[in-house]
Amino acid sequence: MRIVVLAGGIGGARFLRGLKSAAPDADITVIGNTGDDIHLFGLKVCPDLDTVMYTLGGGINEDQGWGRADESFTVKEELAAYGVGPTWFGLGDRDFATHIVRTQMLGAGYPLSAVTEALCDRWKPGVRLLPMSDDRIETHVAVEEGGERRVVHFQEYWVRMRASTDALAVVPVGADQAKPAPGVLEALAAADVILFPPSNPVVSVGTILSVPGIREAVAAASAPVVGLSPIVGGAPVRGMADKVLAAVGVESTAAAVALHYGTGLLDGWLVDTTDAAAVAEVEAAGIRCRAVPLMMTDLEATALMAREALALAEETR
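Residues numbered from 1 in each chain as written. Predicted model: local features only at pLDDT ≥ 70, side-chain atom pairs only at ≥ 80, totals over all residues. Heavy atoms only, no water.

S.K.: Could you give an account of the overall build of the protein chain, naming the residues involved and the relevant values?
M.R.: Scanning the protein chain for helices and strands turns up 13 helices and 14 strands. For the protein chain, whose C-alpha radius of gyration is 19 Å, the value lies close to the compact-globule estimate of 20 Å for 317 residues. Along the first, second and third principal axes, the C-alpha set of the protein chain runs to 60 × 50 × 40 Å. Buried positions account for 53% of the 317 residues belonging to the protein chain. Considering only intrachain contacts with a sequence separation of at least 6, the fraction spanning at least 24 residues in the protein chain is 68%. Element-wise, carbon and sulfur atoms account for 50% of the exposed surface of the protein chain, whose accessible area totals about 13200 Å². (Helix = DSSP H or I, 4+ residues; strand = E, 2+ residues; numbered from the N terminus. Rg over C-alpha atoms; globule rule 2.2 N^0.38 Å. Buried < 20%, exposed > 50% of the residue type's maximum accessible area, 1.4 Å probe, protein only. Contact = heavy atoms within 4.5 Å. Areas by Shrake-Rupley, 256 points an atom, 1.4 Å probe, with all protein chains shown as cover.)

Okay, here's the thing in structure tokens:
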């Protein structure tokens, strides 16, 4: 079975771990979000790609869901001692090595897709990890801070500001001029199942879909497309999905997110048992819907979610 997953960071990575457990013989391709990418200290940092790579490769900090296990922060402390910022983004010493290798390879002329493949040669995540594009795309968020409206990088909005103010607009800068990375469209065309994990529907999955050609390829795919709601009981399981959903005029409900993706993309949608009342609304829109437990409390619970998603895909086939 060939499964393609459009994945963001922590939620996407943890879902993928469950999917691998549920379908150990499947050929899994992950199209990773690069809208969160940022240049720091002269280095190219790809948080979502690295979170998937570290999580599936056994190097992730399990407690926080990002960054490396057994990390130290000597370089960060030395940079701060020199007065070099930003101080709000916590790159660890082990993590720095990944970004140095990536930046060197990019500087030598390798595209991000080839660099990602080379990094995965070390981590062996057990999936084919593709960036959504080799082109530079950065998600920016419009906010009002101190009485002034300004635009900040998504990482600043989330990490420094902790999404403490409303997002007025979300823009994937550069996406309209970008092209899908090599292998992305081919993977979608050849897929037996396409999954939207419980990643952020605006700044993760939504950013991937903003690259010209990807949304169209998902819509045209012969494979069933099934998503899992990142909203449980009217709130995101983690992160700031409610803030960025509001910025695009979508309510923070399981049904509203399904309708945001729409029947043009989704064939099936899973909501948490807490939101069982949403099933009828989603199905009335033409999307087959089931209510199942969607809390990724451990590997077994996450694998069950993945099995439910694959079962729903079979129903809609």
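S.K.: Mind laying out the packing of helix α1 (residues 10–22) against helix α13 (residues 299–316), listing which residues take part and the relevant values?
M.R.: Interaxial distance between α1 and α13 falls to 7 Å at its minimum, and their mutual angle equals 75°. Taken as axis vectors, α1 and α13 run roughly perpendicular relative to one another. Along the contact surface, α1 presents Arg 14, Phe 15, Arg 17, Gly 18, Leu 19, Ser 21 and Ala 22, while α13 presents Leu 299, Thr 302, Ala 303, Met 305, Ala 306, Arg 307 and Leu 310. Residues that form the contact of α1 with α13 fall into these classes: eight nonpolar, three polar and three charged. (Axes fitted to C-alpha atoms, helices over the stretch in contact; angles between N-to-C directions. Parallel < 35°, antiparallel > 145°, perpendicular 65-115°, else oblique. Nonpolar A, V, L, I, M, F, W, Y, C, P; charged D, E, K, R; others polar.)

S.K.: Describe the pattern of salt bridges, with residues and values.
M.R.: Enumeration according to the criterion identifies 13 salt bridges in this entry. Its salt-bridge partner being Asp 192, residue Arg 2 comes within 3.4 Å of it at the nearest N-O pair. Of this pair, Arg 2 sits in strand β1 (residues 2–7) while Asp 192 sits in the loop between α7 (184–190) and β9 (193–196), and the two are 190 residues apart along the sequence. A residue is classified by how much of its surface remains accessible, and Arg 2, at 42% relative accessible area, is partly exposed. (Salt bridge = Lys/Arg side-chain N within 4 Å of Asp/Glu carboxyl O.)

S.K.: Now, about the layout of surface pockets: what can you tell me, with residues and values included?
M.R.: One simple way to see leftover space: roll a probe sized like a water molecule over the atoms. Estimated volume of the largest pocket: approximately 1000 Å³. Lining the largest pocket are 48 residues, and of these Gly 9, Ile 10, Trp 66, Trp 158 and Arg 238 sit closest to its centre. Elements that contribute at least two residues to the lining of the largest pocket include exactly α1, α2 (47–57), α4 (93–107) and α6 (154–160). By residue class, the composition of the lining of the largest pocket is 22 nonpolar, 17 polar and nine charged. (1 Å grid on protein atoms, 1.4 Å probe; cavity = no way out; pocket = protein on both sides within 12 Å on 5 of 7 lines; lining within 4 Å. Points joined across faces, edges and corners; volume = space filled by probe spheres on them.)

S.K.: Before we move on, can you summarise the sheet that holds strand β2 (residues 27–32) with the specific residues and values?
M.R.: Taken in spatial order, the seven strands of this open sheet run β5-β2-β1-β9-β10-β13-β14, and their pairing is parallel. The sheet is open, and its two edges are formed by β5 (128–131) and β14 (288–291), each paired on a single side. Strand after strand, the sheet turns through a mean of 20° between neighbouring axes, direction not considered. Alignment of β1 against β2, held across six bridges, turns out to be parallel. Following the sheet pairing, Ile 3 is matched in β2 by Ile 28. Against the sheet, α1 contacts β1, β2, β9 and β10 (225–228), and its axis sits at roughly 165° relative to β1. (Pairing = 2+ DSSP bridges.)

S.K.: Residue-level account of the sheet that holds strand β6 (residues 138–145), with values.
M.R.: The antiparallel open sheet is built from three strands, whose spatial order is β7-β6-β8. On the outer flanks of this sheet lie β7 (148–153) and β8 (169–173), each paired with one strand and no other. Across the sheet, the mean angle from the axis of one strand to that of its neighbour is 25°, orientation sign disregarded. Judged from the five bridges that link them, β6 and β8 form a sheet pairing that is antiparallel. By the bridge assignment, Thr 139 is partnered in β8 with Pro 172.

S.K.: Please give an account of empty space enclosed by the protein that cites residues and values.
M.R.: Following the criterion strictly, the structure yields one cavity of 30 Å³ or more and no others. Its volume calculated, the largest cavity comes out at about 40 Å³. Looking at the largest cavity, the residues that line it are Ile 10, Arg 14, Arg 17, Thr 51, Thr 55, Ile 60, Glu 62 and Gly 65. Of all elements in the fold, only α1 and α2 reach the threshold of two or more residues within the lining of the largest cavity.

S.K.: Hey, could you go over the packing of α4 against helix α5 (residues 112–123) for me, with residue numbers and the actual values?
M.R.: One can describe the packing of α4 onto α5 by two numbers: an axis separation of 10 Å at closest approach and a directional angle of 140°. Overall, the two elements α4 and α5 adopt an arrangement that is oblique. Note on packing geometry: the crossing formed by α4 with α5 is right-handed. Contacts between α4 and α5 involve Thr 98, Val 101, Arg 102, Met 105 and Leu 106 on the former and, on the latter, Leu 112, Val 115, Ala 118 and Leu 119. Broken down by class, the residue content of the contact of α4 with α5 amounts to seven nonpolar, one polar and one charged. (Left-handed = near helix turned anticlockwise from the far one by under 90°.)

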